[in-house]
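Working through the structure, step by step
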Amino acid sequence: MAAICAAVTVVLSGCGSDVPPAGAPPTRPIPTPIPVASASRYPTDGTSTPVTLFRVVNGIELPNPQLTPGQVSRGVTTAQVCGKGLPSARHPSYGTRKEVVVSYGLTTEDSHGYVVERLIPASLGGTTNEKNLWPVRRTGTANVTQKQALDARLLARVCSGQLALADAQRLLRSNWWDAYGSVR
């Protein structure tokens, strides 16, 4: 296992060289996590235990608004969202997903329990930019399945005229878990 981790580290680091291989896309530096006092999921007693940077409300990990404020494509309309006017959504690259996981302070071991998800889904005009991505749990309370169910409910409400597109986006930005409990 250690040999595999070392090999992956060498591949990802480019063997210690700061020059990317020929033909490789340009790389971006991995952002330094922004400390948020209330976000710690682990003790901060001076040990090497990682500190995650979620916004924790009543024990639920929510996106940190400093890292993931939620970003939408400019000019997206309800007609586009409810018709066929949105371009097909692309998935975030491996590098982008890794940057998001690292920015939230998750270790490689911790990250296996998470999926990088859009705070505002593409179906409601959300982008694949890091400002709209965050790690959400695969299982347990406030997991990716519940988030995707909420996304579908909000889209249905927007398209039926019961909810404005901007209001759906605002609900997701403020506290998607509360919206999940209230939007049926």
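Heads up: these notes are all about the structure in this document. For clarity, every value in this text was computed on a predicted model and none was experimentally measured. (Residues numbered from 1 in each chain as written. Predicted model: local features only at pLDDT ≥ 70, side-chain atom pairs only at ≥ 80, totals over all residues. Heavy atoms only, no water.)

A short note on the overall build of the protein chain
Summing up its helical and strand segments, the protein chain has six helices and four strands in all. Its helices and strands in sequence order give the protein chain the pattern α-β-β-α-α-α-β-β-α-α, from N to C terminus. For the protein chain, buried positions account for 35% of its 184 residues. When contacts within the protein chain are restricted to residue pairs at least 6 apart in sequence, those whose partners lie at least 24 apart make up 68%. Surface accessibility of the protein chain: about 10700 Å² in total, with carbon and sulfur atoms responsible for 58%. (Helix = DSSP H or I, 4+ residues; strand = E, 2+ residues; numbered from the N terminus. Buried < 20%, exposed > 50% of the residue type's maximum accessible area, 1.4 Å probe, protein only. Contact = heavy atoms within 4.5 Å. Areas by Shrake-Rupley, 256 points an atom, 1.4 Å probe, with all protein chains shown as cover.)

Section: helix H6 (residues 165-182)
The terminal C-alpha atoms of H6 lie 17 Å apart, and with 18 residues this falls more than 12% below the ideal 26 Å at 1.5 Å per residue. Helix geometry: H6 is bent most strongly at Asn175, by close to 120°. Looking at H6, one finds that the buried residues are Leu165, Ala168, Gln169, Leu171, Leu172, Asn175, Trp176, Ala179 and Tyr180. (Expected span 1.5 Å × (residues − 1). Bend = angle between axes of the 7 residues up to and from the residue.)

Quick word on the pattern of salt bridges
Pairs may arise between side chains of opposite charge once their charged atoms sit close together. Summed over the entire model, instances satisfying the criterion amount to three salt bridges. A salt bridge links Lys147 to Asp151, with the nearest nitrogen and oxygen atoms 2.7 Å apart. Note that Lys147 and Asp151 are positioned in helix H5 (residues 144-159) at a spacing of four residues, about one turn of the helix. As far as burial versus exposure is concerned, Lys147 and Asp151 are alike and both buried. (Salt bridge = Lys/Arg side-chain N within 4 Å of Asp/Glu carboxyl O.)

Some details on the state of the cysteines
One pass over the full model with this rule turns up one disulfide. Put simply, Cys82 and Cys159 are joined by a disulfide, and their sulfur atoms are 2.1 Å apart. Between Cys82 and Cys159, the S-S dihedral sits near -100°, and the bridge is therefore left-handed. In this pair, Cys82 sits in helix H2 (residues 78-82) while Cys159 sits in helix H5, placing the two residues 77 residues apart along the sequence. (Disulfide = S-S within 2.5 Å.)

Brief notes about the pairing of strand E4 (residues 133-137)
For E4, the tally of buried residues reaches four of five residues, placing the bulk of the element in the interior. By the bridge criterion, five bridges tie strand E3 (residues 114-118) to E4 in an arrangement that is antiparallel. What sits directly across from Val116, in E4, is Pro135. (Pairing = 2+ DSSP bridges.)

Quick notes on the side chain of Thr128
With respect to the helices and strands, Thr128 occurs in the loop between E3 and E4. Given the relative accessible area of 13%, Thr128 is considered buried. Among the polar contacts listed, one links the side chain of Thr128 to the backbone oxygen of Arg90, at a separation of 3.3 Å. Apart from the residues within four sequence positions on either side, Thr128 is in contact with Arg90, His91, Pro92, Thr96, Arg118 and Leu133. (Polar contact = N/O pair within 3.5 Å; in protein donor to acceptor, adjacent residues only side chain to side chain.)

Side note on the nonpolar core
Ranked by size, the top nonpolar core spans 33 residues in total, and within it Leu124, Trp134, Leu150, Leu154, Leu172 and Trp176 carry the most contacts. Put simply, the parts of the chain that give this core at least two residues each are strand E2 (60-62), helix H3 (94-103), E3, E4, H5 and H6. When residues in this core are grouped by element, the largest group, seven residues, is from H6. Sequence-distant contacts of Leu124, defined by excluding residues within four places in its chain, comprise Val72, Val81, Asp151, Leu154, Leu155, Val158, Leu165, Ala168, Gln169 and Leu172. (Core = buried A, V, L, I, M, F, W, Y, C linked by side-chain atoms within 4.5 Å.)

Comments concerning the packing of H5 against H6
For the pair H5 and H6, interaxial distance at closest approach is 11 Å and the crossing angle is 150°. What the angle tells us is that H5 and H6 run roughly antiparallel. Note that H5 runs across H6; the crossing there is right-handed. Here H5 contributes Gln146, Lys147, Ala149, Leu150, Asp151, Arg153, Leu154 and Val158 to the contact with H6, which in turn contributes Leu165, Ala168, Leu171, Leu172, Trp176, Trp177, Ala179 and Tyr180. (Axes fitted to C-alpha atoms, helices over the stretch in contact; angles between N-to-C directions. Parallel < 35°, antiparallel > 145°, perpendicular 65-115°, else oblique. Left-handed = near helix turned anticlockwise from the far one by under 90°.)

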